[in-house]
Amino acid sequence: LTDKNTARQRIKVSNNKKVKNPYNHQIEALKCLDKFYNVDKRTKGILVFPTSGGKTYSAVTWLLENVINKNGKVLWIAHTHNLLDDAMNDFKSNCNKKNLPARSEIVINVISGSSFHNSPSQITSEDDIVIASKDCLINGLKYLDQNFLNQNENIFIVIDEAHHAVSKTYKTLIDHIQNKTKSLRILGL
């Protein structure tokens, strides 16, 4: 299952024993994410590291184990194509039995206006992770609703470069998603 130059991929969960080990600050962040979302049952948080500190890796690792492994869905939103591609690459490289012991494969779909990515009309209920540009989602809300939000009760949103989330378009998008889902959690990076 691959569309448009690998914009949608069905990834087999690897049995590779050589997995990336997190640094101490990432281990601490993973523990804090566990406590914040799983123990304290909070729904909106932010993960802050310096540039190149491993925010994406930390978020991806935690989401695979705590959301995707439990058949939840992730909607990863960013505002540039390279952020979308970086997220896709991190999900692919961390798709292993350590992070996904209960899964044999996952489906990742990248949505944007780029010719290398899919359009919102190509979002499917089968997608475990939708990595999308906010503008494309705003313009394709009916497809997001029909094919992803209406089909899934447990949605976890990640907003990459969360300082942009105060914009009107982000607020509109988040409010829309919140009104369409039963259980919504949000993580800003």
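Residues numbered from 1 in each chain as written. Predicted model: local features only at pLDDT ≥ 70, side-chain atom pairs only at ≥ 80, totals over all residues. Heavy atoms only, no water.

Student: Looking at this structure, how should I read the pattern of salt bridges?
Tutor: Where side chains of opposite charge bring their charged atoms close, a pairing between them can arise. Throughout the structure, instances matching the rule amount to 9 salt bridges. Across the salt bridge formed by aspartate 40 and lysine 35, the nearest N and O atoms sit 2.9 Å from each other. Take aspartate 40: its relative accessible area is 37%, and that puts it in the partly exposed class. In this structure, lysine 180 and aspartate 145 form a salt bridge, with 3.8 Å as the shortest nitrogen-oxygen distance. You can see lysine 180 sitting in helix α6 (residues 168-180) and its partner aspartate 145 sitting in helix α5 (residues 141-149), a full 35 residues away along the chain. Given a relative accessible area of 38%, lysine 180 falls into the partly exposed group. (Salt bridge = Lys/Arg side-chain N within 4 Å of Asp/Glu carboxyl O. Buried < 20%, exposed > 50% of the residue type's maximum accessible area, 1.4 Å probe, protein only. Helix = DSSP H or I, 4+ residues; strand = E, 2+ residues; numbered from the N terminus.)

Student: Help me understand the packing of aromatic side chains, please; the structure alone is not making it clear to me.
Tutor: What characterises a pair of aromatic rings is the spacing of the ring centres plus the angle enclosed by the ring planes. This structure, assessed with the given rule, holds 5 aromatic pairs. Centroid distance tyrosine 37 to phenylalanine 156: 5.1 Å. Interplanar angle 65°. Geometry classified as edge-to-face. Taken together, the positions of tyrosine 37 in helix α1 (residues 24-39) and phenylalanine 156 in strand β7 (residues 154-159) put the pair 119 residues apart, joining distant regions of the chain. Of the two residues examined, tyrosine 37 and phenylalanine 156, each falls in the buried class. Sitting over the face of the ring of tyrosine 57, lysine 20 holds its NZ or CZ atom 4.3 Å from the ring centroid. (Phe/Tyr/Trp six-rings, centres within 6.5 Å; stacked < 30°, edge-to-face > 60°. Lys NZ or Arg CZ within 6 Å of the ring centre and 35° of its normal.)

Student: How should unusual backbone geometry be read in this particular structure?
Tutor: Across residues other than glycine, the phi torsion is negative in most instances, and most of the peptide bonds are trans. Despite not being glycine, lysine 41 has its phi angle at roughly 60°, a positive value. Mapped onto the secondary structure, lysine 41 falls in the loop between α1 and β3 (44-46). On the accessibility criterion, lysine 41 (60% relative accessible area) is exposed.

Student: I tried to follow the environment of histidine 163 on my own but got confused; where do I start?
Tutor: Along the polypeptide, histidine 163 turns up in the loop between β7 and α6. With 111 residues separating them along the chain, histidine 163 and serine 52 place their C-alpha atoms 16 Å apart. Side chain to side chain, histidine 163 and histidine 164 meet in a polar contact 3.2 Å long. (Polar contact = N/O pair within 3.5 Å; in protein donor to acceptor, adjacent residues only side chain to side chain.)

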